Amino acid sequence: MATKVPVASQVNDIGFRLILIPFFGIVIPLITGMVDHSALSNWHVKASYAYTIGLSFLIWEGNRYLLFTLRSYFNWFNHPIRKLAVLIIAVSFYTIPVSVLLLIGWYHIFKGGMVNWNVVTESSLIIMVCVVFIVHVYETFFLVKESENEMLKNAQLARAKVEAELEALKNQIDPHFIFNSLNTLSHLIEEKPQKARQFNDNLADVYRYILQNKRRELVLLREEIQFLNDYFSLLVIRFESAVQLNLSLPDNLIDQFLIPPISLQVLVENAIKHNEFSDSDPLMIDVHLQNDVLIVHNRVHKKMLRKPSSRIGLNNLDERYKLTTGKEVVVKATDEDFTVSLPVLKIA
């Protein structure tokens, strides 16, 4: 199990600190007039600013440590008031005493102990205001970062859920197909043993396609059409001229579209399952492309079933379509016609 990395440890603020720590260490003494250039030698001026930059460094790093430490105990979302109160108290109790003591120390080093309390008070207040501003910047960064992480986590969870659902739907194809195929093979062995071997060979080719493509989200329409032809050859072995397939697809277009694998086989299998047909009254399945939609149509000769259809195949196909393409399968059923519209994705 991966260890969760705290947001604070992901902050790369080195450049930010390298610029602003010296900036505050020089600007604040200039604003308050603490460093009197005319009264100090050039060396003392440089030493004074080195001291105030060091003061700025200690204030910054100390508050940074407090800020990062408190993040592991208090959360803006769960306890915002408590977080704000603790943050203000901690920052104040560190910043003000340290600032005052270090400023007094500066006066002892560079002014012989003659402390200007007005300057100390003014400088401490300015430092406190700057600290509050910087803390606000850090907290805003943390909130934005946590929001991004939460969005990414939710997106990953949503994708994992979709992938799991899609995998479950794909796995439903195998048992269903195997069950129907074995029933057909059993029938042929008893009724037409010579065709049973041919059926078995063709079944191996068909099932190879399923194994190779079941984990793919999309395949070329040409591949799916070839698979449909292979699958339909199994039906012709069993039903001969009682089933017919009419493909009206321009050859120059079928390489330009993608479709979820094993979609057409589900529809053909559904038509075989629910319709009566014979050599004199064959079941004609028509497949054609219209405005980036694959239309699969057959005339209805409703078969009397022992129990109502569960529509598992169609529901499975519709769910796979939604998860894979974000589009829905459209089914139009009347007493005379059954039409399914499959959106296909055009290759960019």
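Residues numbered from 1 in each chain as written. Predicted model: local features only at pLDDT ≥ 70, side-chain atom pairs only at ≥ 80, totals over all residues. Heavy atoms only, no water.

**Points about the overall build of the protein chain**
Counting secondary structure elements, the protein chain contains 9 helices and 8 strands. Expressed as a percentage of the 348 residues in the protein chain, the buried residues total 39%. Contacts in the protein chain between residues far apart in sequence, at least 24 positions, make up 75% of those at least 6 positions apart. Accessible surface for the protein chain amounts to roughly 20,200 Å². Of this, 61% is attributable to carbon and sulfur atoms. (Helix = DSSP H or I, 4+ residues; strand = E, 2+ residues; numbered from the N terminus. Buried < 20%, exposed > 50% of the residue type's maximum accessible area, 1.4 Å probe, protein only. Contact = heavy atoms within 4.5 Å. Areas by Shrake-Rupley, 256 points an atom, 1.4 Å probe, with all protein chains shown as cover.)

**Comments concerning the confidence of the model for the protein chain**
Averaged over all residues, the pLDDT of the protein chain equals 83, while 87% of them reach at least 70. Put simply, helix α5 (residues 173-191) is where the protein chain has its lowest mean pLDDT, 72, and strand β5 (residues 293-299) is where it has its highest, 95. Per-residue pLDDT stays below 50 along residues 1-9; that stretch engages in 7 contacts with residues further than four places along the chain or on separate chains. (pLDDT = per-residue confidence, 0-100.)

**So, helix α9 (residues 312-325)**
Taking 1.5 Å per residue, 14 residues should reach 20 Å; α9 reaches 19 Å between its end C-alpha atoms and fits that length. Among all positions of α9, only Leu-314, Asn-316, Leu-317, Asp-318, Arg-320, Tyr-321, Thr-324 and Thr-325 are buried. Of the residues flanking the end of α9, it is Gly-326, one or two places downstream, whose phi is positive at about 75°. (Expected span 1.5 Å × (residues − 1).)

**Considerations on the sheet that holds strand β8 (residues 345-346)**
Strand order in the open sheet made by the 3 strands is β1-β3-β8, with antiparallel pairing throughout. The open sheet has two edge strands with one neighbour each: β1 (219-220) and β8. Pairing of β1 with strand β3 (residues 257-259) involves 2 bridges; the strand directions are antiparallel. For Val-219, the partnering residue across the bridge sits in β3 and is Ile-259. (Pairing = 2+ DSSP bridges.)

**Remarks on the nonpolar core**
The nonpolar side chains of soluble globular proteins are, as a tendency, buried together. With 47 residues, the main nonpolar core has Ile-259, Val-268, Ile-285, Leu-294 and Leu-342 as its most contacted residues. The greatest single-element share of this core, amounting to 9 residues, is contributed by helix α7 (residues 221-239). In this structure, Val-268 is in contact with Leu-228, Tyr-231, Phe-232, Leu-235 and Ile-285, ignoring residues within four places of it in sequence. Ile-21, Met-34, Leu-40 and Leu-102 belong to the second-largest nonpolar core, a separate cluster that totals 34 residues. (Core = buried A, V, L, I, M, F, W, Y, C linked by side-chain atoms within 4.5 Å.)

**A word on the sheet that holds strand β6 (residues 330-333)**
The sheet built from 5 strands is open, its strands ordered β2-β4-β5-β7-β6 with mixed pairing. Among the strands making up the open sheet, the edge pair consists of β2 (243-248) and β6. Looking at each pair of strands side by side, their axes are set apart by 15° on average, direction ignored. Two elements, strand β4 (residues 283-290) and β5, share 6 bridges in a ladder whose sense is antiparallel. If you follow Gln-290 over to β5, its bridge partner there is Val-293. (Axes fitted to C-alpha atoms, helices over the stretch in contact; angles between N-to-C directions.)

**Things to note about unusual backbone geometry**
Look at Ile-262: it is not a glycine, yet its phi comes out positive at around 65°. For Ile-262, the location among the structural elements is in the loop between β3 and α8 (263-274). Positive phi, close to 60°, is recorded for Asp-292, a residue that is not glycine. Along the polypeptide, Asp-292 turns up in the loop between β4 and β5. Accessibility expressed as a relative area gives 38% for Asp-292, which makes it partly exposed.

**Some thoughts on the pairing of β6**
Relative to strand β7 (residues 337-343), β6 runs antiparallel, the two sharing 4 bridges. Bridge pairing links Val-331 to Val-340 in β7. Between the end of β6 and the start of β7, which pair antiparallel, lie 3 residues.

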